[in-house]
Amino acid sequence: MSDSGMRRLPAVHAVLDRPGLADWLLSQGRQAVVDAVRSAIDEAREELRGGREPAVDVDALAQRAVVLLGTGRPTLRPVVNATGILLNTGLGRAPLAEEAIEAVMKVARGYCNLEFDLDRGERGKRTDGVEALLRRLTGAEAAAVVNNNAGATILALHALADGREVIISRGQLIEIGGSFRLPEIFEVSGARLKEVGTTNKTRLSDYARAIGPDTAAILRVHPSNYRIVGFTEDVHIKELSQLAHEHGIFAIDDIGSGLLAPGCPPHVRDEPAVVDGLTAGADVVMFSGDKLLGGPQCGILVGTRKAIARIQADPLMRALRVDKMTLAALEATLRLMLDPSLARARIPLWAFLNTPLDELRRRAETVAETFRAAFRLNADVIDSTSFLGGGSAPAEPIPTAVVRVSPPFPAPWTTESALARALRLGEPPVVARIQAGCLLFDLRAMTEAEDRQLVEAFRALLEAV
Ligand SMILES: *Cc1c(COP(=O)(O)O)cnc(C)c1O
């Protein structure tokens, strides 16, 4: 044991004073930092006892404390999405508008009138506000909101077709995002699946032939994340709705993406709109809140009074209900949607889609210049493509500008994947694209503030070595 080493161990307060801990004191509070410093000193003491010679000056111990504080970081953290996939399910899909964030914070902090009618002083319905907005925005007779669109599908089928048959085209029996397999969802709902047509062709007559006394509904699912190209044929929801109504059964339209009205935003083609499904006569149109709507995760059902009333009365409705924070975010998002120009400016997803290519190029040049000048990285700007993602129109390329970092990479990162991993483990984590031996940073799904975070993340990484 080295007595001199033991004697040299500094006091907790001496380490706490080091500048490297100032930010942590602010963000984590004094107790957490004191605990980390104590643990760092204890670790060093153990190493000295074990006959090793660790650095025991105040800065080295502050550094150890920072590492310990870092491992105590929350597992769910904000990341910079430099992948260029705007609706990245792995990265939480749509970022919320400031208005939605504020609405969430307000109701999260205290109590709210979630199920309380302030006027009459009695029990109210939690989704009244958003349902009114949804009716106004889509023209639907009625609306319902649940936890997500997968839940909405189970709920609609359970409410409208439990124990009976639902007809669907083989071309639409899909798997979305690896964990949403339609046939499995059918099974959970209690409805029986009746497949018609082939993968590439289904005709109205195929549906007509399949309708029997036990048929409850026809379901159309928008094939969001894949496209069968070439020799294909499918039936429009208008014809399906007509056929359904001739036989007194329901037409259900799962459009997936949540574009409310046709015509916007840019770079989005071939996405069915909610309003179109309703005008075509569908009894229920379902979609996600966190795809093109740019709101919180939820599943939205709009449609006829009759169909939605059965859905609202289903016991599953209670199991799939949304919480106050989701409702607050959804209401604020829908309010922005009342004015398309406001939506374009405030809803991050829409703002990202509307960013002109020239502006992305200019921002990318600024980042690349810092990479070259301050970090001596081999960086340039190239044109590339972003994607909407998230089970929405994957084949639609969106022009973008990316910062490309090419080899040689700064030591100790010898490969693009090692550097990418280091950036993912940084603060904030940055998720980049790896392509042809290079790292690409796509600014399409980033704010200008995040451009600076990207630069700072790189700086922290390079300074740490
Ligand atoms: C994304 C999608 C779903 C699943 O929606 P979640 O909100 O992720 O549960 C269902 N159907 C279609 C057509 C989709 O695109």
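Starting from 1, residues in each chain are numbered consecutively following that chain's sequence as written. Reporting in this predicted model follows two pLDDT cut-offs: at least 70 for local features of residues, and 80 or more for side-chain atom pairs to be given and counted; totals over whole chains, interfaces and linings ignore these cut-offs and use all residues. In computing side-chain values, all of the structure's heavy atoms are included and hydrogens and water are not.

Draft legend 1. Broad picture of the pairing of strand β4 (residues 142-146). Burial classification: accessible surface area is computed with a 1.4 Å probe over protein chains only, and a residue below 20% of its type maximum counts as buried, one above 50% as exposed, and the rest as partly exposed. A run of H or I in DSSP becomes a helix once it reaches four residues, and a run of E becomes a strand once it reaches two; helices and strands are each numbered from the N terminus. Here β4 lies mainly inside the structure; five of its five residues are buried. Here β4 shows no split at all, with A142, A144 and V146 on one side and A143 and V145 on the other all buried. Should DSSP find at least two bridges between two strands, the strands are taken to pair. Of the pairings in the sheet, the one linking β4 to strand β12 (residues 299-303) comprises five bridges and is antiparallel in character. Pairing of V146 across the sheet is with G299, part of β12.

Draft legend 2. The arrangement of unusual backbone geometry in detail. The omega angle of the peptide bond from P407 to P408 is 5 degrees, so this bond is cis rather than trans. One can find P408 in the loop between β14 (392-406) and α19 (416-424). Positive phi values are uncommon outside glycine, yet R376 reaches one of about 55 degrees. As for its position among the elements, R376 is in the loop between α18 (357-375) and β13 (378-389).

Draft legend 3. Spotlight on the nonpolar core. By size, the foremost hydrophobic cluster in this structure holds 54 residues, and its most contacted members are I218, F287, V302 and L349. The greatest single-element share of this core, amounting to five residues, is contributed by helix α15 (residues 324-337). Sequence-distant contacts of V302, that is, excluding residues within four places in its chain, are made with L134, T138, A140, A142, A143, V274, L278, D283, V284, V285, F287 and I308. Residues A144, A152, A216 and I252 belong to the second largest nonpolar core, which totals 33 residues. Take the buried Ala, Val, Leu, Ile, Met, Phe, Trp, Tyr and Cys residues and link them wherever side-chain atoms come within 4.5 Å; each set so joined is a nonpolar core. In what follows, a contact means two residues having at least one pair of non-hydrogen atoms within 4.5 Å.

Draft legend 4. Local environment of the side chain of E47. Position of E47 relative to the elements: it lies in helix α4 (residues 30-49). For E47, a relative accessible area of 18% translates into the label buried. Of the polar contacts made by the side chain of E47, one reaches the side chain of R64; its length is 2.8 Å. Not counting residues up to four positions away in its chain, the partners in contact with E47 are R52, P54 and R64. Nitrogen and oxygen atoms within 3.5 Å of one another constitute a polar contact, given that in protein one can donate a hydrogen and the other can accept it, and given that sequence-neighbouring residues count only through two side-chain atoms.

Draft legend 5. Expanded view of the state of the cysteines. Put simply, a disulfide is two cysteine sulfurs that come within 2.5 Å. For the coordinates displayed, the defined rule picks out zero disulfides. Not part of a disulfide, C112 finds its nearest cysteine sulfur in C298, a span of 16 Å. With relative accessibility at 1%, the residue C298 sits in the buried group.

Draft legend 6. Main features of helix α11 (residues 237-246). For α11, the set of buried residues is I237, L240, S241, L243 and A244. With its buried residues spanning 165 degrees around the axis, α11 presents them on a single face. For α11, the elements touching its buried residues are α10 (204-210), β9 (215-221) and β10 (250-256). A positive backbone phi angle near 65 degrees is found at G248, which sits one or two residues after α11. An arc is given here, and it is the one of the directions from the helix axis to the C-beta atoms.

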